[in-house]
Amino acid sequence: METIRIKYFSDDVERLCYIDGKSDWIDLRASETVTLQAGEFALIPLGVAMQLPQGYEGHLVPRSSTFKNYGILQTNSCGIIDGSYCGDEDMWRMPVYATRDTVIEKNDRICQFRIVENQPKILFEECENLGNKSRGGFGSTGKQ
């Protein structure tokens, strides 16, 4: 089992918990109330800094209900937290764009993360042909 060292920036933010067997994603909460007008951008503080296990990175995405409940979109679609982002002041934040006026209250669950092993070192080998049958189109349907 891997260990993540975590620093909380506030005593009144609910602590993270891992619910084994339910999901391997861990919910994160806003660590302060954030009020946004439609069209505004914000970095929502999540109130934690973490030291991920060696050789891992964090993937941060909205919860499935985040847009429905708050009308916000994560601006980079998926946030990647590099393992080197682990200093005492490296608080995780969620970059969002508001599509409507909204208020995210302190302790609202707005996003989730999981850790993933870093990609192994790879070597690109240039060739004239890959030697595989072409799928004949774009995407999974084969239609353009």
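Structure first, text after, so check above.
Residues numbered from 1 in each chain as written. Predicted model: local features only at pLDDT ≥ 70, side-chain atom pairs only at ≥ 80, totals over all residues. Heavy atoms only, no water.

**Observations regarding the environment of Asp88**
Its place among the elements puts Asp88 in the loop between β8 (79–81) and β9 (93–98). Owing to a relative accessible area of 57%, Asp88 belongs among the exposed residues under this scheme. Taking the C-alpha atoms as reference, Asp88 lies 20 Å from Glu2; in sequence the two are 86 residues apart. Filtering out sequence-adjacent residues up to four positions away, Asp88 remains in contact with Lys7, Phe9 and Ala49. (Helix = DSSP H or I, 4+ residues; strand = E, 2+ residues; numbered from the N terminus. Buried < 20%, exposed > 50% of the residue type's maximum accessible area, 1.4 Å probe, protein only. Contact = heavy atoms within 4.5 Å.)

**What about the environment of Val13?**
Inspection of the secondary structure puts Val13 in the loop between β1 (5–8) and β2 (26–29). Using a relative accessible area of 4% as the deciding quantity, one classes Val13 as buried. The sequence separation of Val13 and Asn107 amounts to 94 residues, and the corresponding C-alpha distance is 6.0 Å. Contacts of Val13, omitting those with residues within four sequence positions, involve Ser31, Lys106 and Asn107.

**Here we look at the pairing of strand β11 (residues 109–117)**
Strand direction decides the pairing type here: β2 and β11, joined by four bridges, are antiparallel. By the bridge assignment, Arg29 is partnered in β11 with Arg109. In this sheet, β11 lies alongside strand β6 (residues 56–62) in antiparallel orientation, the contact comprising seven bridges. If you follow Gly58 over to β11, its bridge partner there is Ile115. (Pairing = 2+ DSSP bridges.)

**Describing a nonpolar patch on the surface**
Together, Phe67, Leu73 and Tyr97 make up a nonpolar patch on the protein surface, roughly 280 Å² of accessible area in all. Assignment of secondary structure puts Phe67 in helix α1 (residues 66–70). On the basis of relative accessible area, Phe67 is assigned to the partly exposed category, the value being 42%. (Patch = residues over 30% accessible without salt bridge, like charges linked within 9 Å, V, L, I, M, F, W, Y side chains within 5 Å. Areas by Shrake-Rupley, 256 points an atom, 1.4 Å probe, with all protein chains shown as cover. Salt bridge = Lys/Arg side-chain N within 4 Å of Asp/Glu carboxyl O.)

**A short note on the packing of aromatic side chains**
Summed over the entire model, instances satisfying the criterion amount to one aromatic pair. For the pair Trp92 and Phe113, a centre-to-centre distance of 5.1 Å together with 80° between the ring planes defines the contact as edge-to-face. Here Trp92, found in the loop between β8 and β9, pairs with Phe113, found in strand β11; they are 21 residues apart in sequence, far enough to count as distant. Exposure remark for Trp92: the relative accessible area of 1% places this residue in the buried category. Positioned over the ring face of Tyr8 is Arg15, at 3.9 Å from the centre of the ring. (Phe/Tyr/Trp six-rings, centres within 6.5 Å; stacked < 30°, edge-to-face > 60°. Lys NZ or Arg CZ within 6 Å of the ring centre and 35° of its normal.)

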